[in-house]
Amino acid sequence: MRIIEAKNYDDMSKKAAEIIAAEVTLNPTCTLGLATGSTPVGTYQNLIKKYENGDLDFSQVHSVNLDEYKGLSGEHDQSYRYFMNTNFFNHVNIDKANTSVPNGLSEDAKEECAAYQALLERIGGADLQLLGIGGNGHIGFNEPSNEFKKGVHCVQLAESTIKANARFFETEEDVPKYAYTMGIGNIMNAKMILLLASGESKAQAVCDSFFGSITPQVQASILQLHPNVIVIADSDALSIAKEKGVF
Ligand code: GLP
């Protein structure tokens, strides 16, 4: 695992975009595993700039997203499909038919999980998986638990996650209580993982995940076992690890 310290959010976003751009340049038909949340927004903006400058071509790129809220349609402005369209896909030349996000409106949760799992198996793992991290160490929507779930599943969101994500909804009651997410096995299948963390609110999760023991109570800690992980964290996100003298 390589841990790169960025000065701040902008620096983190630029560095992350450089790495993704290198992947797309080296492998124009790559599959990108993509993430939502406020953390990767700057990375997507930098990638859009590179595309607009004529330096990147997404025409043959495929993408698979980590997760989606159960119960939200792709047109809902807080769905992750809507997030991806508005923050990234609408601004580059990726073919939307080649982009996948779980369907939040599926009638049957089990069927949706099986269908997304089958899609991921067909693809055989992302070439590069982009990740943010929750304040409790979650990745995708793999919440603290007594186990690492392998495949795609429907998860009940932790109270802390609902509270953290309430800022995007009118009221806390509007935040969906369930979500579809890639499992840890799906994420670990990626050839390369790029995890981003910015701000003091992530400092404890960063310290526990990358400098502590591997435990399902801190789901991101499993990444210590992946052979090709890059973490780009800004100074604030590394502050607790630094205080403790482990970074
Ligand atoms: C959300 C998403 C995660 C994301 C995390 C952090 O709940 N499911 O994929 O990494 O929370 O979000 P943010 O980047 O907004 O802090």
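Calculation criteria
- Residues numbered from 1 in each chain as written.
- Predicted model: local features only at pLDDT ≥ 70, side-chain atom pairs only at ≥ 80, totals over all residues.
- Heavy atoms only, no water.
- Near = heavy atom within 4 Å.
- Areas by Shrake-Rupley, 256 points an atom, 1.4 Å probe, with all protein chains shown as cover.
- 1 Å grid on protein atoms, 1.4 Å probe; cavity = no way out; pocket = protein on both sides within 12 Å on 5 of 7 lines; lining within 4 Å.
- Sits in = over half its atoms within 2 Å of the grid points.
- Nonpolar A, V, L, I, M, F, W, Y, C, P; charged D, E, K, R; others polar.
- Pairing = 2+ DSSP bridges.
- Helix = DSSP H or I, 4+ residues; strand = E, 2+ residues; numbered from the N terminus.
- Axes fitted to C-alpha atoms, helices over the stretch in contact; angles between N-to-C directions.
- Phe/Tyr/Trp six-rings, centres within 6.5 Å; stacked < 30°, edge-to-face > 60°.
- Buried < 20%, exposed > 50% of the residue type's maximum accessible area, 1.4 Å probe, protein only.

Q: What is the right way to look at the site of the ligand in this model?
A: Around the ligand sit 13 residues, and of these Ser-38, Thr-39, Asp-67, Phe-141 and Lys-202 come closest. Bound to the protein, the ligand loses 94% of the 390 Å² it would expose on its own. Mapping the ligand onto the cavity grids shows that it belongs to the largest pocket. Taken together, the residues of the shell around the ligand sort by class into three nonpolar, seven polar and three charged.

Q: Looking at this model, I keep getting lost on the sheet that holds strand β8 (residues 178–181). Mind explaining?
A: The strands that make up a sheet pair up through hydrogen bonds in the backbone, lying either parallel or antiparallel. Pairing is antiparallel across the open sheet formed by three strands, whose spatial order is β4-β8-β7. Sheet topology places β4 (67–69) and β7 (153–156) at the edges, where each strand pairs with a single neighbour. If you compare each strand with its neighbour and ignore which way they point, the axes differ by 25 degrees on average. The pairing of β4 with β8 spans three bridges and is classified as antiparallel.

Q: Which parts of the structure should I look at to understand the packing of aromatic side chains?
A: Aromatic ring pairs: the centre-centre distance and the angle between the two ring planes describe each pair. Tallied over the entire structure, the rule returns nine aromatic pairs. Centre to centre, the rings of Tyr-44 and Phe-83 are 6.5 Å apart; their planes meet at 70 degrees, and the pair counts as edge-to-face. Placement of Tyr-44 in helix α2 (residues 41–52) and of Phe-83 in helix α3 (residues 80–87) is noted, with a sequence separation of 39 residues between them. By relative accessible area, Tyr-44 is classed as buried at 0%. Aromatic side chains Tyr-69 and Phe-141 sit 5.7 Å apart centroid to centroid with 45 degrees between the ring planes, which places their arrangement in the tilted category. You can see Tyr-69 sitting in strand β4 and its partner Phe-141 sitting in the loop between β6 (128–131) and β7, a full 72 residues away along the chain. For the residue pair Tyr-69 and Phe-141, the accessibility class agrees, reading buried in each case. Taken together, the aromatic side chains of Tyr-44, Phe-58, Phe-83, Phe-88 and Phe-89 make up a single cluster linked through ring pairs.

Q: Can you walk me through the environment of Ser-209 in this structure?
A: Inspection of the secondary structure assignment puts Ser-209 in helix α7 (residues 203–211). The spatial distance from the C-alpha of Ser-209 to the C-alpha of Gly-135 is 11 Å, given a sequence separation of 74 residues.

Q: Mind showing me how you'd approach the pairing of β7 here?
A: Regular strands have side chains that alternate between both faces of the sheet. Side-chain alternation along β7 places His-153 and Val-155 on a buried face and Cys-154 and Gln-156 on a face that remains uncovered. Where β7 and β8 come together, four bridges link them in antiparallel fashion. Across the sheet, residue His-153 finds its bridge partner in β8, namely Thr-181.

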